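Here's the letter readout for the chains.
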Amino acid sequence: MRSKFLPFSAPTITEDDITAVAEVLRSGWITTGQKAADFEKKFAEHIGCPAAVALASATAGMHVVFNALGIGPGDEVITPSMTWVSTANLAVLAGAMPVFVDVDRDTLMVSSESIAAAMTSKTKVIVPVHFAGSAVDMDPILALAKKQGVAVVEDAAHAAGTFYKGRQVGKTGTSIFSFHPIKNMTTGEGGMLCSDDAALTERIRRLKFHGLGVDAFDRQMQGRSPQAEVLEPGYKYNMTDISAVLGLRQLARLEEFNAKRADLAMLYRKRLAEIDELLPLADVKYPVRHAWHLFIVRLNTDKAGMSRDDFMKELKARNIGTGLHFRAIHLQKYYLEKMGMRRGMLPNTEWNSDRICSLPLFPTMTGQDVDDVVDAIKEVLKK
Ligand SMILES: *Cc1c(COP(=O)(O)O)cnc(C)c1O
């Protein structure tokens, strides 16, 4: 058994990263400033999109976009239930209704067919999720949305470095990335909105800082008017320079991080092939470059003779951390009790919600770590 606990995720932070953050702390300017501006520019260049806006989190980004799109009472937001809770919560908080669509049982992606079946005259926005670092089949969804005059916001929280049909996620349309510590690159907490819609980007820039046309940095350093006034009520969702300097450094290594993740994922695939109680996710059938945000398996609970929760507990007892991405939103207390959701609505989502488990995957892991995980799994399953 491993003597040291292997977490399911860990950020890659070097001494030079720490020095760079310390330099910002010593500089006298620690909130949104030159580093945040540089990070936005470099991120947009990396993705190939016309503009990027740095934010306090991906959730903050979705909140300002929902506000900019005017999402409110009577509106419907189409998104999967197999995702993080943020998008559904924001829809509810805006007074709108989250409309959950089922995902493919083996890729966990939504499809244009499932979305088309859920569209009504109240549908205001579609939020597909690029799951685990692979990509949703966007082209048919974009065509459908265009035909119906509905907005699309891509949840790219798992997709920093993902390519769909040769174009990087975020290059076209509107996408939101997350830099939470478990994501492929981190700023501590943070997010980035990439959009090719110049009017939307301008609104987001304003809404992320009180609804002023400028932020504190613009006023002090760029010689803009300190008499800026509220153009519309906004939020306080700017990214600090303390975070942004880390983002700049992480972005420079994103390709290297993702290549390491891909190597480890291929190692897992090879070593797990002999364990028939575990079913990894399937590859999608269109061209993608996978960012390998997560390595997900589904436990055959009948064959294993144990629940997924017990499987995770047994691995933890053997010093192996795991994650759960995700527990279906529509089966969580509030959604069952207050939003009229019920088990049986989304069979593929529910099947996965009961069986899904994320194995350790992060760039500083070694081949030995993968072996330790697989050995522990074999022991738990008594192989
Ligand atoms: C992490 C995550 C988010 C939220 O990102 P934050 O930066 O923590 O707000 C949204 N959607 C998905 C699919 C995520 O995994």
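Source: prediction; values computed, not measured.

## Points about the pattern of salt bridges
Consideration 1: The full count for this structure, using the stated rule, is 25 salt bridges.
Consideration 2: When the shortest N-O distance is used, the salt bridge between Lys165 and Asp137 registers 3.9 Å. In this pair, Lys165 is assigned in the loop between strand E7 (163-164) and strand E8 (167-168) and Asp137 in the loop between strand E4 (123-126) and helix H6 (138-148), connecting sequence segments 28 residues apart.
Consideration 3: Residue class for Lys165 comes out partly exposed when judged on its relative accessible area of 38%.

## A look at H6
Consideration 1: Looking at H6, one finds that the buried residues are Met138, Ile141, Leu144 and Ala145. The buried residues of H6 all sit within an arc of 130° when viewed along its axis, so they share a single face. With respect to the buried face of H6, the exposed residues turned more than 90 degrees away are Lys146 and Lys147.
Consideration 2: In the core, the buried residues of H6 are packed alongside helix H5 (112-118), E4, strand E5 (151-152), strand E6 (154-155), E7 and E8.
Consideration 3: In the segment just after H6, Gly149 is the residue with positive phi, at about 70°.

## Points about the sheet that holds strand E12 (residues 288-289)
Consideration 1: Pairing within the open sheet is antiparallel, and its three strands lie in the order E8-E7-E12. In the strand order of this sheet, the two ends are held by E8 and E12, each with one partner.
Consideration 2: Bridge count for E7 against E12 is two bridges, and the pairing is antiparallel. For Phe163, the partnering residue across the bridge sits in E12 and is Arg289.

## Regarding the packing of helix H3 (residues 58-68) against helix H4 (residues 86-93)
Consideration 1: Contact pair H3 / H4: the axes reach a minimum separation of 10 Å and the direction vectors enclose 35°. You can see that H3 and H4 cross each other, and the crossing is right-handed. For the pair H3 and H4, the contacting residues are Thr59, Met62, His63 and Phe66 in the first and Ser86, Thr87, Leu90 and Ala91 in the second.
Consideration 2: Its residues assigned to classes, the contact of H3 with H4 shows four nonpolar, four polar and no charged.

What counts and how
Residues numbered from 1 in each chain as written. Predicted model: local features only at pLDDT ≥ 70, side-chain atom pairs only at ≥ 80, totals over all residues. Heavy atoms only, no water. Salt bridge = Lys/Arg side-chain N within 4 Å of Asp/Glu carboxyl O. Helix = DSSP H or I, 4+ residues; strand = E, 2+ residues; numbered from the N terminus. Buried < 20%, exposed > 50% of the residue type's maximum accessible area, 1.4 Å probe, protein only. Arc of directions from axis to C-beta. Contact = heavy atoms within 4.5 Å. Pairing = 2+ DSSP bridges. Axes fitted to C-alpha atoms, helices over the stretch in contact; angles between N-to-C directions. Left-handed = near helix turned anticlockwise from the far one by under 90°. Nonpolar A, V, L, I, M, F, W, Y, C, P; charged D, E, K, R; others polar.

So, to be careful, I would describe these as geometric facts and stop short of saying anything about function.
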